[in-house]
Amino acid sequence: MSQTRTVSVVTLGCARNEVDSEELAGRLAADGWRLVDEAGDAEVVLVNTCGFVEAAKKDSIDTLLAAADLKESGRAKAVVAVGCLAERYGEQLAGSLPEADAVLGFDDYGSISARLRSILDGTTHVPHMPRDRRTLLPIAPIQRSRTLAPAPDSAAAQQAGAELAGAELAGAELAGAELAGAPWITGQRVRLGTGPVAPLKIASGCDRRCSFCAIPSFRGSFLSRRPAEILAEARWLAQTGVHELVLVSENSTSYGKDLGDLRLLETLLPELAAVPGIDRLRVSYLQPAEMRPGLIEVITGTPGVAPYFDLSFQHASAPVLRRMRRFGDTERFLDLIEQIRQRSPQAGVRSNVIVGFPGETEADLAELERFLSHARLDAIGVFGYSDEDGTEAAGFTDQLAESVVAERVARITALAEELTAQRAEDRIGEVVEVLVEDIDPEPGSGLVEGRAAHQAPEVDGSTVLTGVLTGAAVATFPVGSIVPARVIAASGVELTATPLPAEAGAEAG
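The text that follows walks through the structure, step by step, so that each part is easy to find. (Residues numbered from 1 in each chain as written. Predicted model: local features only at pLDDT ≥ 70, side-chain atom pairs only at ≥ 80, totals over all residues. Heavy atoms only, no water.)

**Regarding the overall build of the chain**
- Within the chain, the secondary structure is distributed over 16 helices and 20 strands.
- With 509 residues in all, the chain has 53% of them scored as buried.
- With the model as given, the accessible surface of the chain reaches about 20500 Å², and the carbon-plus-sulfur share is 52%. (Helix = DSSP H or I, 4+ residues; strand = E, 2+ residues; numbered from the N terminus. Buried < 20%, exposed > 50% of the residue type's maximum accessible area, 1.4 Å probe, protein only. Areas by Shrake-Rupley, 256 points an atom, 1.4 Å probe, with all protein chains shown as cover.)

Structure follows, in structure tokens:
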């Protein structure tokens, strides 16, 4: 019997990383590891890093260094880096960060338990040499679904050969198969949180070639999960107390193209919405260039699917977008938003924009301002451009000075804050459905907080329910319940709403 070891999984970055962490935790738990919440209480601190932008990289490095300090003051014996930063830089990261005991790539995930045990036993792990993971799968998307390797520790996968079993979940274990080149496990998953919301990964990788983005090179080509596997995991998540699913991937609008059906998402969404216990689901990471009328119709017209559109516009000036190797312009984007709001006037629309891209002129920036002023977006993330290793844009010669980029970020951020606050004020008087996520236990507070359908977790603000009787809040509005409420105030993107009587809520719905 092998010794019981303890591990703490620290997750940085996006919801996709959260899923990866829970799958790594599932593998470790299945092999006898005990999962602990506090890094200081664990023998191994496993840091799932982010490698998206400079700020995220710095946060990952700082977290690894802080974890390494625990080896002096706590139980920690090893600090191990996994995730995007580890995959992207491999031996380079290991060489520049000796405080980490090992840097593991995506190919190590399937044997994560053995890797960590060997590190604790003193074996030196040789970090991987980074490679372009897009080369691991066929260029033609339709050929990728046949490129499956059975997971060595999954009897169901071996029995199914190269096809995913699509079986029901047994506890936290999916009867799946590991996908060649894909940075997910499709094996076990253990929830590391207890809230009523959870991400559900529907695909991995990206086939787009945006000139500023390095993600496809280390996440690989686009690869969809099978519908049966996604539905099985959704049912398991519902059994663990999840009421809202957030579908995540690098590009959700491409879901199904490698399975022979580019409109498979339109079929999948109603099936997921019908899973018992799931009251709401939303789709993240939609590409404007790939949006289609049928998908808009399903998202806005399917009960249980939030009319929520996370659209990656990135800019609005046509010349800048072409240099980014992206589609669209102000008029096309405004037309897309109008199509959405014609079907669902209360639909939530959010986006991210990059300012200070090489060659961006004052006229380009003014065009972005014009678009944002007309779009009435609910949330806007503003990022200043910075070179990413290995990208086409890093070689552009017309780079803007850092001071110019910083000034433009401040300018667009101020506009975005003003516009999104105005959009929130426009919602005063609307009836929204609030998923309760937190009830303040402080005696006398009666504070109940959650999110309306247009508010995604962590990025789009929240809604506070007012007029809730102290002491009755837990019984009347338990965590995970959806409460119809009328918006009465707004502060920035944060809303305050008053719960409606049950009969009024039914009529409003």
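From this point, the discussion proceeds with the structure in view.
**Re the packing of helix α2 (residues 54-73) against helix α3 (residues 84-96)**
- Put simply, α2 and α3 touch, their axes get as near as 13 Å, and they point 65 degrees apart. The interaxial crossing formed by α2 with α3 has right-handed handedness. Every residue of α3 that contacts α2 at Lys57, Ser60 and Ile61 is listed here: Leu85, Arg88, Tyr89 and Leu93.
- Partitioning the contact of α2 with α3 into residue classes produces 4 nonpolar, 1 polar and 2 charged. (Axes fitted to C-alpha atoms, helices over the stretch in contact; angles between N-to-C directions. Left-handed = near helix turned anticlockwise from the far one by under 90°. Contact = heavy atoms within 4.5 Å. Nonpolar A, V, L, I, M, F, W, Y, C, P; charged D, E, K, R; others polar.)

**Some points on the sheet that holds strand β14 (residues 348-355)**
- One open sheet accounts for 3 strands, arranged β13-β14-β15; its pairing is parallel. Looking at the sheet topology across the chains shown, the edges are occupied by β13 (308-310) and β15 (379-384). Strand-to-strand twist across the sheet, computed as the mean angle between neighbouring axes with direction ignored, equals 10 degrees.
- As paired elements, β14 and β15 share 6 bridges and run parallel to each other. Bridging across to β15, Asn352 finds its partner in Gly381.
- Of the strands in this sheet, β14 and β15 touch helix α14 (residues 402-426), which is tilted by about 175 degrees from β15. (Pairing = 2+ DSSP bridges.)

**What about the nonpolar core?**
- Counting 67 residues, the largest nonpolar core has Leu245, Leu247, Leu269, Leu272, Phe309, Leu311 and Phe371 as the members making the most contacts within it.
- Apart from the residues lying within four places of it in its own chain, the contact partners of Leu247 are Leu200, Ile202, Ser252, Leu269, Leu272, Leu281, Arg282, Val283 and Ser284. (Core = buried A, V, L, I, M, F, W, Y, C linked by side-chain atoms within 4.5 Å.)

**Looking at the pairing of strand β19 (residues 482-491)**
- Relative to β19, strand β16 (residues 431-439) runs antiparallel, the two sharing 5 bridges. If you follow Val434 over to β19, its bridge partner there is Val483.
- Of the pairings in the sheet, the one linking β19 to strand β20 (residues 494-499) comprises 6 bridges and is antiparallel in character. Note that in β20 the partner of Ser491 across the bridge is Glu494.
- Hairpin connection between β19 and β20: a loop of 2 residues separates the two successive antiparallel strands, and Gly492 in this loop has a positive phi of roughly 65 degrees.

**Focus on the sheet that holds strand β8 (residues 197-201)**
- Taking strand neighbours across the sheet as the criterion, the 3 strands line up as β8-β11-β12 in an open arrangement whose pairing is parallel. Edge strands, defined here as strands with exactly one partner in the open sheet, are β8 and β12 (280-283). Strand-to-strand, the axes of this sheet are offset by a mean angle of 25 degrees, without reference to chain direction.
- Two strands pair when backbone bridges link them, and strand β11 (residues 244-248) and β12 are joined in this way by 4 bridges, in the parallel orientation. Residue Val246 lies in a different strand from β12, and its bridge partner there is Arg282.
- Its contacts with the sheet put helix α8 (residues 227-239) on β8 and β11, and the angle it makes with β8 is roughly 165 degrees.
- Across the face of the sheet, helix α9 (residues 264-273) comes into contact with β8, β11 and β12 while running at roughly 155 degrees to β12.

**Examining helix α12 (residues 330-343)**
- In this model, α12 (14 residues) spans 20 Å end to end at C-alpha, consistent with the 20 Å of a helix rising 1.5 Å per residue.
- Along α12, the positions that sit buried rather than exposed are Thr330, Phe333, Leu334, Leu336, Ile337, Ile340 and Arg341. Buried residues of α12, seen end-on, are gathered within an arc of 155 degrees and therefore sit on one face of the element.
- Between a side-chain oxygen at the N-terminus of α12 and the backbone nitrogen of Glu331 the separation is 3.2 Å; the capping residue is Asp329. (Expected span 1.5 Å × (residues − 1). Arc of directions from axis to C-beta. Polar contact = N/O pair within 3.5 Å; in protein donor to acceptor, adjacent residues only side chain to side chain.)

**Digging into the pattern of salt bridges**
- Counting across every chain of the model gives 42 salt bridges.
- Two residues, Arg133 and Glu87, come together in a salt bridge whose shortest N-O distance is 3.3 Å. Of this pair, Arg133 sits in the loop between α4 (112-120) and α5 (141-144) while Glu87 sits in helix α3; the two residues are 46 residues apart in sequence, bridging distant segments of the chain. Each member of the pair Arg133 and Glu87 is classed as buried.
- A salt bridge links Arg370 to Glu367; the shortest N-O distance between them is 2.9 Å. One end of the pair, Arg370, and the other, Glu367, are both in helix α13 (residues 362-375), 3 residues apart, so they sit about a helical turn from each other.
- Taking the relative accessible area as the measure of exposure, Arg370 reaches 34% and is therefore partly exposed.
- With relative accessibility at 23%, the residue Glu367 sits in the partly exposed group.
- Beyond isolated ion pairs, a larger network of salt bridges with shared partners links Arg16, Asp20, Lys201, Arg219 and Glu250. (Salt bridge = Lys/Arg side-chain N within 4 Å of Asp/Glu carboxyl O.)

**Comments concerning unusual backbone geometry**
- Notably, Tyr285 is not glycine yet its phi reads approximately 60 degrees, a positive angle.
- Mapped onto the secondary structure, Tyr285 falls in the loop between β12 and α10 (293-301).
- Its identity as a non-glycine residue notwithstanding, Glu458 has a phi of 75 degrees, on the positive side.

**Description of the packing of aromatic side chains**
- Overall, the coordinates contain 6 aromatic pairs when judged by the stated rule.
- Between Phe106 and Tyr109, the ring centres sit 5.4 Å apart and the planes meet at 80 degrees, which makes this aromatic pair edge-to-face.
- Judged by its relative accessible area of 3%, Tyr109 falls in the buried class.
- Pairing Phe357 with Tyr385 gives two aromatic rings, centres 5.3 Å apart and planes at 75 degrees, and the pair type is edge-to-face. In this pair, Phe357 is assigned in the loop between β14 and α13 and Tyr385 in the loop between β15 and α14, connecting sequence segments 28 residues apart. By the burial criterion, Phe357 is buried, and Tyr385 matches it.
- An aromatic cluster is built from Phe313, Phe333 and Phe371, whose rings are joined through pairwise contacts.
- For the cation-ring pair, Arg16 lies above Tyr285, with the distance from its terminal atom to the ring centre recorded as 4.2 Å.
- The ring of Tyr308 carries the charged tip of Arg282 above its face, separated from the ring centre by 4.6 Å. (Phe/Tyr/Trp six-rings, centres within 6.5 Å; stacked < 30°, edge-to-face > 60°. Lys NZ or Arg CZ within 6 Å of the ring centre and 35° of its normal.)

In short, geometric facts, not functional conclusions.
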